[in-house]
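Results of the structural survey
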Amino acid sequence: MVDKAQSHGIDLVLAAHILIEVPDPDRAAAKEKFLHFLEQKSLRITQQRRAIVDTVFGTDQHFTAEQLLEWARERDSSVSRATVYRTLPLLTESGLVHEMDFGKDYKIYDPNYAEHPNHNHIICKDCDKIVEFESDRLEALENEITSKLGFEVESQQLTINASCEEMKRAGACKNKED
Ligand SMILES: [Zn+2]
Ligand SMILES: [Zn+2]
């Protein structure tokens, strides 16, 4: 059996702070990499595209395509849905943003992928609230299981579908848009 105090201690403390710990220079570097990626593909960096890129690399929150559209329009009201939907595949192709399928009828995009490719997610099944965490213990266990089964780990992310505080308390979440 896992020692409870231990499992609640070190691992989770690390975890809850991951979002705040992504340093700004890293995000700026990721943005530069993406602009370079566009240049290499001879794609123009239009004003709309610039607003989308600034939005993606200016947040560490996970987002849906529609959320990205809304946030990018706060920077530049001319951003079109079509440009957002054309830019998202480029973002994932660059490897700097990760497309995640949580079994919903829309995808969720993770802007923290470049800095922390192996982090894990807990997602509320009702409001999509996401908490990220990293755990050395979990990673060690995944490596152990994988090699025992004759494989070698390429990447690892665990998703835990869960109920957030509000869902547990009230049976539904008010802030489904957030
Ligand atoms: Zn994430
Ligand atoms: Zn919730």
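Since we're looking at a predicted model, the values are computed, not measured. (Residues numbered from 1 in each chain as written. Chains lettered and ligands numbered in written order. Predicted model: local features only at pLDDT ≥ 70, side-chain atom pairs only at ≥ 80, totals over all residues.)

Attention now goes to the packing of helix 4 (residues 47-56) against helix 6 (residues 81-93). Contact geometry for helix 4 and helix 6: axes closest at 10 Å, N-to-C directions at 55°. Comparing their axes, helix 6 and helix 4 come out oblique. In this structure, helix 4 crosses over helix 6, and the sense of that crossing is right-handed. Note on element contacts: helix 6 touches helix 4 through T83, V84, T87 and L91, opposite Q48, R49, I52 and V56. (Axes fitted to C-alpha atoms, helices over the stretch in contact; angles between N-to-C directions. Helix = DSSP H or I, 4+ residues; strand = E, 2+ residues; numbered from the N terminus. Parallel < 35°, antiparallel > 145°, perpendicular 65-115°, else oblique. Left-handed = near helix turned anticlockwise from the far one by under 90°. Contact = placed C-beta atoms within 7 Å.)

Here we take up the pairing of strand 3 (residues 120-124). Taken together, the four bridges between strand 3 and strand 4 (residues 130-133) define a ladder with antiparallel strand orientation. Counterpart to I123 in the pairing with strand 4 is I130. Counting the residues that bridge the hairpin from strand 3 to strand 4 gives five residues, and of these D128 lies at a positive phi of roughly 65°. Sheet topology places strand 3 next to strand 5 (residues 159-162); four bridges connect them, and they run parallel. Each bridged residue has a counterpart across the sheet, and for I123 the counterpart in strand 5 is N161. (Pairing = 2+ DSSP bridges.)

With that out of the way, let us pick up the confidence of the model for the protein. Residues of the protein with pLDDT of at least 70 account for 86%, and the chain-wide mean is 85. Confidence, expressed as mean pLDDT per element, reaches its minimum in the protein at helix 1 (residues 4-16) with 38 and its maximum at helix 6 with 97. Counting contacts from residues 1-20, a segment whose pLDDT is below 50, to residues more than four positions away or on other chains yields 17 contacts. (pLDDT = per-residue confidence, 0-100.)

We now examine the packing of helix 4 against helix 5 (residues 65-75). One can describe the packing of helix 4 onto helix 5 by two numbers: an axis separation of 9 Å at closest approach and a directional angle of 115°. Judged by the inter-axis angle, helix 4 sits roughly perpendicular to helix 5. As for the relative orientation of helix 4 and helix 5, their crossing is right-handed in sense. Counted together, A51, I52, D54, T55 and V56 of helix 4 and L68, W71, A72 and R75 of helix 5 form the full contact between these two elements. Across the contact of helix 4 with helix 5, the residue classes tally to six nonpolar, one polar and two charged. (Nonpolar A, V, L, I, M, F, W, Y, C, P; charged D, E, K, R; others polar.)

Bringing the environment of K41 into the picture now. Within the secondary structure, K41 is located in the loop between helix 3 (24-40) and helix 4. Note on K41: 10 C-beta atoms within 10 Å, which makes it exposed. Residues K41 and L90, spaced 49 residues apart in sequence, show a C-alpha to C-alpha distance of 9.9 Å. (Buried ≥ 20, exposed ≤ 12 C-beta atoms within 10 Å, placed from the backbone.)

Moving on, we come to the nonpolar core. I52, L68, A72 and L96 are the most contacted members of the largest nonpolar core, which totals 19 residues. Looking at this core, the elements that each hand over two or more residues are helix 3, helix 4, helix 5 and helix 6. Among all residues touching L96, those that are not within four sequence positions of it are A30, K33, F34, L91, Y113 and A114. (Core = buried A, V, L, I, M, F, W, Y, C linked by C-beta atoms within 7 Å.)

The next point concerns the sheet that holds strand 5. The sheet built from three strands is open, its strands ordered 4-3-5 with mixed pairing. In the strand order of this sheet, the two ends are held by strand 4 and strand 5, each with one partner. For this sheet the average axis-to-axis angle between neighbouring strands, irrespective of direction, equals 20°.

Next up on the list: the environment of Q61. Inspection of the secondary structure puts Q61 in the loop between helix 4 and helix 5. Under the C-beta neighbour-count criterion, Q61 is labelled partly exposed, with 13 such atoms within 10 Å. Between the alpha carbons of Q61 and E132 there is a distance of 9.9 Å; along the sequence they are 71 residues apart.

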